[in-house]
Amino acid sequence: MGCCRVTDMRHKEVVNCQSGCRMGYVDDLEVDTITAKVISIIIYGRPRCFGLFGRCEDMVISWNCIELIGEDTILVNHCPVQKRSKKKRFHLPVFGIR
């Protein structure tokens, strides 16, 4: 397996092998500082309403789930289970309508 820089990893798109859907781009890496090995890749959650209402939860993909690292994409065997918090909905008052 060839060498790859962290900056090169950030430009790679992550694709799920099971469903074929694009998961996003690598935003961060989790590294064990004692053994100097990569533990997981992290994809930040999508912003809600242009980032005004925060973000969805981040996806953390273990290094063991990575099937193949190509030039442009990373293929993972990952079935993400996202815990979504209750969505806060804003209700605008409607005057005179019942």
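Right above here is the structure, for reference.
S.K.: Sorry, what's going on with the overall build of the chain here?
M.R.: Of regular secondary structure, the chain possesses 1 helix and 7 strands. Along its sequence from the N terminus, the chain presents helices and strands in the succession α-β-β-β-β-β-β-β. The buried share of the chain, reckoned over its 98 residues, is 22%. Sequence separation of at least 24 residues holds for 34% of the intrachain contacts in the chain that already meet a minimum separation of 6.

S.K.: Honestly, the nonpolar core in this entry has me stumped. Any pointers?
M.R.: A general tendency of soluble globular proteins is for nonpolar side chains to be buried together. Ranked by size, the top nonpolar core spans 12 residues in total: Met9, Val14, Met23, Val26, Leu29, Ile41, Ile43, Met59, Ile61, Ile66, Ile74 and Val76. Contributing elements (two or more residues each) for this core: β4 (37-43), β5 (59-62) and β7 (73-76). Not counting residues up to four positions away in its chain, the partners in contact with Val14 are Cys21, Arg22, Met23, Gly24, Val26, Ile41, Ile43, Ile61, Ile74 and Val76.

S.K.: Teacher, can you tell me more about unusual backbone geometry here?
M.R.: Peptide bonds are mostly trans, and most non-glycine residues show a negative phi. Look at Ala36: it is not a glycine, yet its phi comes out positive at around 60°. Within the secondary structure, Ala36 is located in the loop between β3 (28-32) and β4.

Cut-offs used in this document
Residues numbered from 1 in each chain as written. Predicted model: local features only at pLDDT ≥ 70, side-chain atom pairs only at ≥ 80, totals over all residues. Heavy atoms only, no water. Helix = DSSP H or I, 4+ residues; strand = E, 2+ residues; numbered from the N terminus. Buried < 20%, exposed > 50% of the residue type's maximum accessible area, 1.4 Å probe, protein only. Contact = heavy atoms within 4.5 Å. Core = buried A, V, L, I, M, F, W, Y, C linked by side-chain atoms within 4.5 Å.

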